[in-house]
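Each chain, written out:
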Amino acid sequence: MTRPARPLPARRLRPPMGWNSWDCYGTTVTEEEVLANAAFMRDHLLPYGWDTVVVDIQWYEPTARAHGYNPDAPLVLDAYGRQLPAPNRFPSAADGAGFEPLAARVHAMGLRFGVHIMRGVPRRAVEAKLPVLGTEFTAADVADTDSVCPWNSDNFGLDHGHPGAQAYYDSQLAQFAAWGVDFVKADDMLFPYHEREIAAYARAVERSGRPIELSLSPGTDMSVARLDHLREHATMWRVCDDLWDRWEDVEAQFARMARWAPWQGDGGWADADMLPLGHIGIRAERGADRQSLLTRPEQISLLTLWLISRSPLMMGGDLPTSPPETIELLTNDEALDVLWHSTGNREVLRERDLVLWTARDTDGHTRYAAVFSLADEARRLEVPLGSVGAGPHDRVRELWTRTDTAHDGRYLVAQLPAHGAALYRLAEDGRRE
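Residues numbered from 1 in each chain as written. Predicted model: local features only at pLDDT ≥ 70, side-chain atom pairs only at ≥ 80, totals over all residues. Heavy atoms only, no water.

1. Examining unusual backbone geometry
Phase 1 of the analysis: Omega for the peptide link from F191 to P192 comes to 0 degrees, which places this bond in the cis form.
Phase 2 of the analysis: Along the polypeptide, P192 turns up in the loop between strand 7 (183-187) and helix 7 (195-207).
Phase 3 of the analysis: Cis geometry is adopted by the peptide bond preceding P218, which originates at S217 and carries an omega value of 0 degrees.
Phase 4 of the analysis: In this structure, P218 sits in the loop between strand 8 (213-216) and helix 8 (227-233).
Phase 5 of the analysis: The backbone phi angle of Q58 is positive, close to 65 degrees, even though this residue is not glycine.
Phase 6 of the analysis: Within the secondary structure, Q58 sits in the loop between strand 2 (52-55) and helix 3 (100-108). (Helix = DSSP H or I, 4+ residues; strand = E, 2+ residues; numbered from the N terminus.)

Written as structure tokens, this is what we have:
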């Protein structure tokens, strides 16, 4: 592996990149597993922009299990109804320390620390009428008991007509900031679209005094009509339900990312979801312990689409036990240049089994093209150079194989396997390779 030759742009100009515990550990990840993935990221991925470690759902559930959620789970809460890490899974959180010790260890590796949280207030806090910090209200006063998540029973929504609702979110984010949290994935926000909850949560982030990036999920039936509201309140937002290691899940993203790609940029990032690559399913919500069921060509297609559409990248597989060939894909600096240094990204053709995307490099003269075959068998594709914005004298390099590609001045020839892709850099003769 080589280090990136070009400097990474400022954070606001690049999509977030990191690791999330969901695809491999579901609700059950432990402190030891988080630290193992953080150490691997520091040692192998950090120079390539991978810098955020996210502890996903139910870190406050001491009896969490694979393949589902426990009804009426015994959540660990503080005196103000705020979630605390379960000490049996996160030993450093004992005696009310919360995630501060774990965040400090992650920060010491040069990484950023993130957590998942559900929309609303815990039902157990409501039942116990726990006070909302800094107010005369209780959790029972501020809860909207008619607002419930359809797939997780831990929380009620908040009644944002009540002044204590904002105070609850303010207290939760103040605690996250005190712990050193850099990234929050707020779930059950987008389907249906909870406009007031999103605004209240973003307001709490701002009031926390810490520059926390906010990610919204799950993203079913997301409309570009929401773009201005999303940009105002979040760093990134999902545009689909959970994506797993099935080709049909990946193929469905082509239409979604074609819709969202023209709007990607420093105002926020449409998120095509986590990368179900490498070693997943260890104790996950779905499936058994496995290596990703996507073929290598399908994995390359997935990554090519995520890069050319400038989606955030959150690795879902367990890094220390994923195969070297997976890590090789994640650290291909030539391919990652497309994520960091491209603009004008768009789908330019989709006919039958052929999909073409193009983008421009921020250097002003280099261009990129992605060629996808959705066919179920290998195909030899002859793509007119003009279809990807290339000229007859352009120098062409395929980035996954790191090879220069000859052409006859008229066609770009790609021999692609089933569900395969190629990612090209196009440069005028004499320009940067």
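Right, picking up where we left off after that structure.
2. Here we look at the side chain of N37
Phase 1 of the analysis: On the secondary structure map, N37 appears in helix 2 (residues 31-45).
Phase 2 of the analysis: A distance of 3.0 Å separates the side chain of N37 from the backbone oxygen of E33, its partner in a polar contact.
Phase 3 of the analysis: Setting aside chain neighbours within four positions, we find N37 in contact with W19, Y25, G317, D318, L319 and P320. (Polar contact = N/O pair within 3.5 Å; in protein donor to acceptor, adjacent residues only side chain to side chain. Contact = heavy atoms within 4.5 Å.)

3. Quick word on the sheet that holds strand 8
Phase 1 of the analysis: Spatially, the eight strands line up as an open sheet ordered 10-9-8-7-3-2-1-13, and their pairing is parallel. Since the sheet does not close on itself, it has two edges, and those belong to strand 10 (269-271) and strand 13 (313-315), each with one partner. Direction aside, the axes of adjacent strands within the sheet are offset by 25 degrees on average.
Phase 2 of the analysis: Taken together, the three bridges between strand 9 (residues 236-238) and strand 10 define a ladder with parallel strand orientation. Across the sheet, the residue bridging to W237 is A270, located in strand 10.
Phase 3 of the analysis: Relative to the sheet, helix 2 contacts strand 1 (17-20) and strand 2, its axis offset from that of strand 2 by approximately 165 degrees. (Pairing = 2+ DSSP bridges. Axes fitted to C-alpha atoms, helices over the stretch in contact; angles between N-to-C directions.)

4. So, the nonpolar core
If you look at soluble globular proteins, the nonpolar side chains tend to sit buried side by side.
Phase 1 of the analysis: One finds W50, Y201 and W237 to be the most contacted residues of the largest nonpolar core, which totals 123 residues.
Phase 2 of the analysis: The residues contacting Y201, other than those within four sequence positions of it, are I117, Y169, Q172, L173, F176, V184, A186, M189 and L214.
Phase 3 of the analysis: The next biggest cluster of nonpolar side chains, apart from the first, holds 15 residues, and it includes L356, V383, A422 and Y424. (Core = buried A, V, L, I, M, F, W, Y, C linked by side-chain atoms within 4.5 Å. Buried < 20%, exposed > 50% of the residue type's maximum accessible area, 1.4 Å probe, protein only.)

5. Examining helix 6 (residues 163-179)
Phase 1 of the analysis: Helix length check: helix 6, at 17 residues, gives a terminal C-alpha distance of 25 Å against a target of 24 Å (1.5 Å per residue), a fit within 8%.
Phase 2 of the analysis: Burial runs high along helix 6: 14 of the 17 residues are buried.
Phase 3 of the analysis: Just past helix 6, the residue G180 takes up positive phi, approximately 95 degrees. (Expected span 1.5 Å × (residues − 1).)

6. Here's the deal with the pattern of salt bridges
Phase 1 of the analysis: What the rule picks out here adds up to 33 salt bridges.
Phase 2 of the analysis: Here D43 ties to R42 by a salt bridge, and the two come within 2.8 Å at their closest N and O atoms.
Phase 3 of the analysis: Assessed through its relative accessible area of 36%, R42 is described here as partly exposed.
Phase 4 of the analysis: A salt bridge links D273 to R238; the shortest N-O distance between them is 3.4 Å. Here the residue D273 occupies a position in the loop between strand 10 and strand 11 (279-280), and R238 occupies one in strand 9, the gap between them amounting to 35 residues. (Salt bridge = Lys/Arg side-chain N within 4 Å of Asp/Glu carboxyl O.)

7. Looking at the packing of helix 9 (residues 247-260) against helix 10 (residues 296-308)
Phase 1 of the analysis: Between helix 9 and helix 10, whose axes approach to 10 Å, the crossing angle comes to 20 degrees. Taken as axis vectors, helix 9 and helix 10 run roughly parallel relative to one another. Where helix 9 crosses over helix 10, the handedness of that crossing is left-handed. Residue-level inspection shows W247, V250, Q253, F254 and M257 of helix 9 in contact with helix 10, the latter providing E298, S301, L302, L305 and W306.
Phase 2 of the analysis: Across the contact of helix 9 with helix 10, the residue classes tally to seven nonpolar, two polar and one charged. (Parallel < 35°, antiparallel > 145°, perpendicular 65-115°, else oblique. Left-handed = near helix turned anticlockwise from the far one by under 90°. Nonpolar A, V, L, I, M, F, W, Y, C, P; charged D, E, K, R; others polar.)

8. So, the pairing of strand 18 (residues 395-398)
Phase 1 of the analysis: Pairing of strand 18 with strand 21 (residues 421-427), which is carried by four bridges, proceeds in the antiparallel orientation. Residue pairing for strand 21: R395 is matched across the bridge by A427.
Phase 2 of the analysis: Both strand 18 and strand 19 (residues 403-405) contribute to a ladder of three bridges, which runs antiparallel. Looking at the pairing, E398 lines up with T403 of strand 19.
Phase 3 of the analysis: Counted along the chain from strand 18 to the antiparallel partner strand 19, the turn is four residues long, and its residue R402 has a positive phi close to 55 degrees.

9. Focus on the packing of aromatic side chains
Phase 1 of the analysis: One pass over the full model with this rule turns up 13 aromatic pairs.
Phase 2 of the analysis: Taking 6.4 Å as the distance between ring centres and 45 degrees as the angle between the ring planes, the aromatic pair formed by Y168 and Y169 counts as tilted. Y169 matches Y168 in its accessibility class, with the two residues each being buried. (Phe/Tyr/Trp six-rings, centres within 6.5 Å; stacked < 30°, edge-to-face > 60°.)

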